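# A closer look at the structure
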Protein chains: 2
Amino acid sequence: MNFLEERILKDGVVKEGNVLKVDSFLNHQMDIELFDQMGEEFKRRFEGKNINKILTIEASGIGIACVVARHFGVPVVFAKKSKSINIDGDMYIAEVESFTHKTKNQVIVSKKFLNEDDHVLLIDDFLANGCALQGMISIVEQAGGTVEGIGIAIEKGFQIGGQVIRNLGYHLESLAIVDGMNAEDGSVEFRVYDEDK
Amino acid sequence: MNFLEERILKDGVVKEGNVLKVDSFLNHQMDIELFDQMGEEFKRRFEGKNINKILTIEASGIGIACVVARHFGVPVVFAKKSKSINIDGDMYIAEVESFTHKTKNQVIVSKKFLNEDDHVLLIDDFLANGCALQGMISIVEQAGGTVEGIGIAIEKGFQIGGQVIRNLGYHLESLAIVDGMNAEDGSVEFRVYDEDK
């Protein structure tokens, strides 16, 4: 079990409806030392990749991305979310539809900050159905850049997002993959890899 | 002239209507090395203060706050903005009205993450009329905590926010105070202190 899985067991709270609350250390209150460890671990997992920029999405991805970026020595760009159509000239816009909520959202990045020379690491806190992530991938593609890798803190392995992204051939690294949880006893089941056995 | 003022002159863009665009390094694309320098400088300016938590507000405050927090060795909490009334139990809620836009917004923090033992440094990217900052101060007050200081990247010195906050007795440190700008020639005028003369 790694440091993030241990922290989820210690401070995460399982709620009805497959909700995992990690707001005491990940996405409302933020443990910067933990983010630093995550940065070190992503740096190890994406060793040898030519990464010159990190792309994340507001709001809860930003903190992780900025602390992780120190380990790569690169700037961070954060995508904005919007419900309205925004015709402010030079923006990349991805329309993404939420599988869960059936709502349409836009993911927006200024064209000034992504182009065909960019080798991008995508960072986010959660991956479930992958709606936000698909929008970010679409934007890097629009810019003609390269998605060198995708680093996620917590992946809900029982939802489809991670599988889709891996099937598409992207190098996706999730620090904790939750395969199941139980709100009655508060237990969390993590995916186990051969190396852990 | 300090490192942030120099960077504003180099990469900031002045637009009509007293708009200063710093989205290439501060609030859309983010220069993490610059944020690190800001962290060092805030640590120096708030030397001797007993700070155990940083509070910021989504979205563009989060990146700065997280990198600054490393210099203080403390966690970050980010306040959420909402237009709608949110009755999710245990939240501190500040109603703030924008002087400019005449819109009402809520600033929200879970009660779990602020209490009377907290000595808080508030961090944000911009201070103009101070609407968001007033909301954050109100929330720390509601929690019974102490505002030990306020660290801002860029203050618009020709708007009222900074003066109000200083009049109220808070220790406010802005790394760059813009007293005027001119969209025609792109010039920016910074406040000069005796020590700089």
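Residues numbered from 1 in each chain as written. Chains lettered and ligands numbered in written order. Predicted model: local features only at pLDDT ≥ 70, side-chain atom pairs only at ≥ 80, totals over all residues. Heavy atoms only, no water.

### So, the interface of chain A and chain B
Facing 30 residues of chain A, the contacting portion of chain B comprises 30 residues. Taken together, the two surfaces of chain A and chain B that pack against each other cover about 2500 Å², and 65% of this comes from carbon and sulfur. Residue R70 of chain A is joined to D36 of chain B by a salt bridge in which the shortest nitrogen-to-oxygen separation is 3.7 Å. Of the residues contributing to the side of chain A that touches chain B, the split by class is 15 nonpolar, 7 polar and 8 charged. (Contact = heavy atoms within 4.5 Å. Buried area = accessible area lost by both parts, 1.4 Å probe. Salt bridge = Lys/Arg side-chain N within 4 Å of Asp/Glu carboxyl O. Nonpolar A, V, L, I, M, F, W, Y, C, P; charged D, E, K, R; others polar.)

### A few points about a nonpolar patch on the surface
Residues and elements named next belong to chain A. Together, I160, V164 and L168 make up a nonpolar patch on the protein surface, roughly 260 Å² of accessible area in all. Considering the arrangement of structural elements, one finds L168 in the loop between α5 (161-167) and β10 (172-182). In this structure L168 comes out as exposed when scored by relative accessible area, which is 58%. (Patch = residues over 30% accessible without salt bridge, like charges linked within 9 Å, V, L, I, M, F, W, Y side chains within 5 Å. Areas by Shrake-Rupley, 256 points an atom, 1.4 Å probe, with all protein chains shown as cover. Helix = DSSP H or I, 4+ residues; strand = E, 2+ residues; numbered from the N terminus. Buried < 20%, exposed > 50% of the residue type's maximum accessible area, 1.4 Å probe, protein only.)

### Points about the relation of the copies chain A and chain B
Mapping chain A onto chain B is achieved by rotating through 180° and translating by 0.0 Å along the same axis, at an RMSD of 0.0 Å. Given the turn and translation reported, the copies of this chain are related as if by a two-fold rotation axis. Both copies contact each other with a shared surface, as 100% of the interface residues of chain A are interface residues in chain B too. (Least-squares fit on C-alpha atoms with pLDDT ≥ 70 in both.)

### Let's talk about the nonpolar core
If you look at the biggest cluster of nonpolar residues, it comprises 78 residues, and the most contacted ones within it are L4, M38 and I54 of chain A together with L4, M38 and I54 of chain B. Ignoring any residue separated from it by four or fewer positions in sequence, one finds M38 of chain B in contact with F3, L26, I64, V68, A153 and L175 of chain B. (Core = buried A, V, L, I, M, F, W, Y, C linked by side-chain atoms within 4.5 Å.)

### Here we look at helix α2 (residues 32-45) of chain B
Residues and elements named next belong to chain B. Relative to the 20 Å expected for 14 residues at 1.5 Å per residue, α2 spans 20 Å between its end C-alpha atoms, a close match to the ideal helical length. Along α2, the positions that sit buried rather than exposed are I32, L34, F35, D36, M38, G39, E41 and F42. The backbone nitrogen of E33 has a side-chain oxygen 3.0 Å away, supplied by the residue at the start of α2, namely D31. (Expected span 1.5 Å × (residues − 1). Polar contact = N/O pair within 3.5 Å; in protein donor to acceptor, adjacent residues only side chain to side chain.)

### Examining the confidence of the model for chain A
In this model, chain A carries a mean pLDDT of 94, and residues with pLDDT of at least 70 account for 94%. Listed scores for the predicted complex are pTM 0.94 and ipTM 0.92. (pLDDT = per-residue confidence, 0-100.)

### Some details on the packing of helix α3 (residues 60-72) of chain A against helix α3 (residues 60-72) of chain B
The geometry of α3 of chain A relative to α3 of chain B is characterised by a closest axis approach of 8 Å and an angle of 50° between their N-to-C directions. In terms of orientation, α3 of chain A and α3 of chain B fall into the oblique class. The handedness of the crossing between α3 of chain A and α3 of chain B comes out as right-handed. Contacts between α3 of chain A and α3 of chain B involve I62, G63, C66, V67 and R70 of chain A from the former and I62, G63, C66, V67 and R70 of chain B from the latter. Classifying every residue of the contact of α3 of chain A with α3 of chain B by side-chain character gives 6 nonpolar, 2 polar and 2 charged. (Axes fitted to C-alpha atoms, helices over the stretch in contact; angles between N-to-C directions. Parallel < 35°, antiparallel > 145°, perpendicular 65-115°, else oblique. Left-handed = near helix turned anticlockwise from the far one by under 90°.)

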